[in-house]
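Chain and residue survey
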Amino acid sequence: MKKFGAIAGSVLLTLSLAACGGNGEKASSESKVTQLTVWNDWTEDRPENKVYKDMIAEFNKENKDIQVKIESIPHDQYETKLRTQAAGKQLPDMMRVWPGARIQPLVEGNALLPLDEITDTWKDKIPAGIMKDYKVDGKQYAIPANISETSLIFYHKDMLKQVGFNEFPKTYEELTSLIKALEAKKITPIALGNKAIWPLQSVYISTIGDRFTGSDYLPNTLKGDGSFKDEGFVKALSVIDDLAKSKAFNEDFNTIDEAQSRTLFNSGETAMHFAGSWAIGPILDSVKNIGEIGVAPFPSFDGKGDIKKISGVAGGGIALNKDLSGKKKEAAFKFLKFFYSDEMYQQLAKSNIVVPENVQLDDSIPAIYKEANSFAQGGLAPVYDATLTPELTDIINNGLQSISIGEKSPKDIATEMEKQLEQQKK
């Protein structure tokens, strides 16, 4: 019995050692996997969010030695948490960010890792004029996934043909002639919903202003190298005055919202609708004969400005934690190259999301999407409410509404904005 007990003990010891060895190998295998966490606001059931999540799932499938964990936070809470955690130096490995004034504090707080080591990946694919939205002091901190164009002109081709226009006007003078011709036929020219007071600024002035002043004007003025009393800027504001006085809009344009105005256009009650790339999907879903819908950029003014440019801003991108190094940094770089690839941009395009890369699109993609997507390749002009301070944004938003109903003049608004700018300098 003692001999049997000794043998049994030996067997148990062997099994125990084997089991420990197995766990050790498993632990060793797991330790070789580089874990990365990405914070984001992809909580809503939207086509682009599905694309992003699918790309991460595919990356994890193809890279067994790297695993990216998704942590989604509701949008309304996301940026507050991001700023709070950044202040406490407790950011994740990767995080969703937005350009301009929204990424600036993270860079100034030394929270983000520059991506200059890998930006050649997108050198011949994404225009420099779009990549610059994520540059701070000459360094690149994220890659744009999509673009929000804010000044597209959608139009019913048949309505324009009724008044002798077989193509969309190339100049503002031609556009005013079109408006007069439509008025004469009792057709409302443009559907506008300015109840929320931002469309006249974001959709109209962001591009109109750029045509008169150029893209450097707005940032230079904010830095103190320009004035809102600039003749070109006042002329840009005057265009809104001209359009309102020419009865270019539906009569209730200041009491209905942007979505309601789009419904007027979709139902054929107006010939045109000025909106951003966010309107492409709803229009495609609502209009019966999509082949009869055209899209165009805002025309030129006596040859002024770069007609190839359209106001817009790069959408969300993924930035990296400044503390990443070694294998984690290599893994994160590998992930970004995979994520911001032709495959992702193709998938976004199929969901009618405008993308920064000039992707090859097949015949299944509607023509108006292809055209809208191509406009971004000419570069992006600054969007006013994405560039101005909140105080200046309030002045121009309310001011444009006042201009549209004849309460204030373009010079009045320019003077108010200049006064606010002087206060901000103090």
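Look up: the structure comes first, before these words.
Per chain, residue numbering runs from 1 following the sequence as it is written. For this predicted model, a pLDDT threshold of at least 70 governs which residues receive local features, and a threshold of 80 or more governs which side-chain atom pairs are given and counted, while totals over whole chains, interfaces and linings are taken from all residues. Side-chain numbers here rest on the full set of heavy atoms in the structure, without hydrogens or water.

**Re the overall build of the protein**
Secondary structure counts use DSSP, requiring at least four H or I residues in a row for a helix and at least two E residues in a row for a strand, with both numbered from the N terminus. Helix and strand content of the protein: 17 helices and 14 strands. A principal-axis box enclosing the C-alpha atoms of the protein has dimensions of 110 × 55 × 40 Å. For every residue, the accessible area obtained with a 1.4 Å probe (protein chains only) is divided by the maximum for its type, and the residue is called buried under 20%, exposed over 50%, and partly exposed between those limits. Relative to its full complement of 426 residues, the protein shows a buried share of 50%. It only takes one pair of heavy atoms within 4.5 Å for two residues to be counted as in contact. A fraction of 76% describes how many contacts in the protein between residues 6 or more apart in sequence connect residues 24 or more apart. To measure how exposed things are, a 1.4 Å probe is used in the Shrake-Rupley method; for residues, cover is taken only from the protein chains shown. Roughly 20,400 Å² of accessible area belongs to the protein as shown, and the carbon and sulfur atoms make up 50% of that amount. Charge separation in the protein, taken as the distance between the mean sites of 51 positive and 59 negative side-chain charges, equals 5 Å. Two residue types count as positive, namely Lys and Arg, and two as negative, namely Asp and Glu; His and chain ends fall outside the count. In plain terms, the charge of a residue is placed at NZ if it is Lys, CZ if Arg, CG if Asp and CD if Glu.

**A word on the packing of aromatic side chains**
Pairs were defined over the aromatic rings of Phe, Tyr and Trp, the Trp ring being its six-membered one, requiring ring centres within 6.5 Å. Orientation was assigned from the angle between planes: stacked under 30 degrees, edge-to-face over 60, tilted for the rest. As enumerated under the stated definition, the model contains 22 aromatic pairs in all. Arranged with centres 4.7 Å apart and planes meeting at 35°, the rings of Y172 and F301 form a pair that is tilted. In this pair, Y172 sits in helix α7 (residues 172-184) while F301 sits in the loop between β11 (293-297) and β12 (310-314), placing the two residues 129 residues apart along the sequence. F301 matches Y172 in its accessibility class, with the two residues each being buried. Summarising the aromatic geometry, the rings of F228 and F233 are spaced 5.5 Å apart at their centres and angled 55° between planes, so their arrangement reads as tilted. For the pair shown, F228 and F233 are each scored as buried. Clustering of aromatic rings is evident, with ring pairs tying together W42, Y52, F59, W122, F335, F338, F339 and Y340. Two limits define a charge over a ring: the Lys NZ or Arg CZ must be within 6 Å of the ring centre, and within 35 degrees of the ring normal. Geometry around W39 places K81 over its ring, the cationic atom sitting 4.7 Å from the centre.

**Describing the side chain of T270**
Within the secondary structure, T270 is located in strand β10 (residues 270-275). Using a relative accessible area of 2% as the deciding quantity, one classes T270 as buried. Pairs of N or O atoms within 3.5 Å make up the polar contacts considered here, provided that, within protein, one atom can donate a hydrogen while the other can accept it, and that residues adjacent in sequence are counted only when both atoms are side-chain atoms. A distance of 3.2 Å separates a polar side-chain atom of T270 from the backbone oxygen of M272.

**Description of helix α11 (residues 258-266)**
Structural remark: α-helix, 3.6 residues per turn; residues separated by three or four positions point the same way. All of the buried residues along α11 are E258, S261, R262, L264, F265 and N266. Where α11 begins, the side chain of D257 points an oxygen toward the backbone nitrogen of A259, at a separation of 3.2 Å. G268 occupies a position one or two residues after α11 and carries a positive phi of about 85°.

**Looking at the pairing of strand β1 (residues 34-40)**
A large share of β1 lies buried, amounting to six of its seven residues. Seen with the strands pointing away from the viewer, any crossover whose path from the first strand over the helix to the second strand runs clockwise is right-handed. Considered for its hand, the β-α-β crossover made up of β1, helix α2 (residues 47-62) and strand β2 (residues 66-72) is right-handed. Taken together, the two bridges between β1 and strand β3 (residues 94-97) define a ladder with parallel strand orientation. Bridging across to β3, W39 finds its partner in M95. Whether two strands pair depends on DSSP finding at least two bridges between them.

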